[in-house]
Amino acid sequence: MAVLEGVQAHAHDPSGTCRTCGTSIPLSDLILEKFCRCYYCGKANPFGANWKTVLPPAVVLAALAMLTTWWKQALL
């Protein structure tokens, strides 16, 4: 019974897909957590960088506000 519980727990573990080889990797995988690599193809950061984590939303909004202000002045 313990084996079935382990399989069911693994089936409900959230996972992501590697951008290079398309392998479904559980987010709790030890190799992914320690080295941030796909264990099939070796791709570093296999899920890719998320632009929301790279640029905080406040920075994006400030850049858009500056662009809008510049655009209004250019039209005058």
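Residues numbered from 1 in each chain as written. Predicted model: local features only at pLDDT ≥ 70, side-chain atom pairs only at ≥ 80, totals over all residues. Heavy atoms only, no water.

Within the protein, the secondary structure is distributed over 4 helices and 2 strands. The helix and strand sequence of the protein, counted from the amino end, reads α-β-β-α-α-α. Burial statistics for the protein: of 76 residues in total, 14% are counted as buried. (Helix = DSSP H or I, 4+ residues; strand = E, 2+ residues; numbered from the N terminus. Buried < 20%, exposed > 50% of the residue type's maximum accessible area, 1.4 Å probe, protein only.)

This next bit is on the packing of aromatic side chains. Under the definition given, this model contains 2 aromatic pairs. Taking the centre distance of 4.7 Å and the plane angle of 45° together, the rings of Tyr-39 and Tyr-40 count as tilted. (Phe/Tyr/Trp six-rings, centres within 6.5 Å; stacked < 30°, edge-to-face > 60°.)

Attention now moves to the state of the cysteines. Each disulfide consists of one covalent bond between the sulfur atoms belonging to two cysteines. Applying the stated criterion to the full structure yields 0 disulfides. This cysteine, Cys-41, is not joined by any disulfide, and Cys-18 carries the nearest cysteine sulfur, 3.7 Å off. (Disulfide = S-S within 2.5 Å.)

Here the focus is the side chain of Thr-23. Take Thr-23: it is sitting in the loop between β1 (15–17) and β2 (24–26). Here Thr-23 is in contact with Gly-16, Thr-17, Cys-18 and Tyr-40, once residues within four sequence places are set aside. (Contact = heavy atoms within 4.5 Å.)

Once that is clear, we can look at helix α4 (residues 57–75). Between its terminal C-alpha atoms α4 stretches 27 Å, which fits the 27 Å expected from 19 residues at 1.5 Å a residue. With respect to burial, α4 is a largely exposed element, only 0 of its 19 residues being buried. (Expected span 1.5 Å × (residues − 1).)

Next up on the list: unusual backbone geometry. A positive phi angle is found at Cys-36, which is not glycine, with a value near 55°. A positive phi angle, close to 50°, is found at Asn-45, a residue other than glycine. On the secondary structure map, Asn-45 appears in the loop between α2 (30–35) and α3 (51–54). With a relative accessible area of 31%, Asn-45 lands in the partly exposed category.

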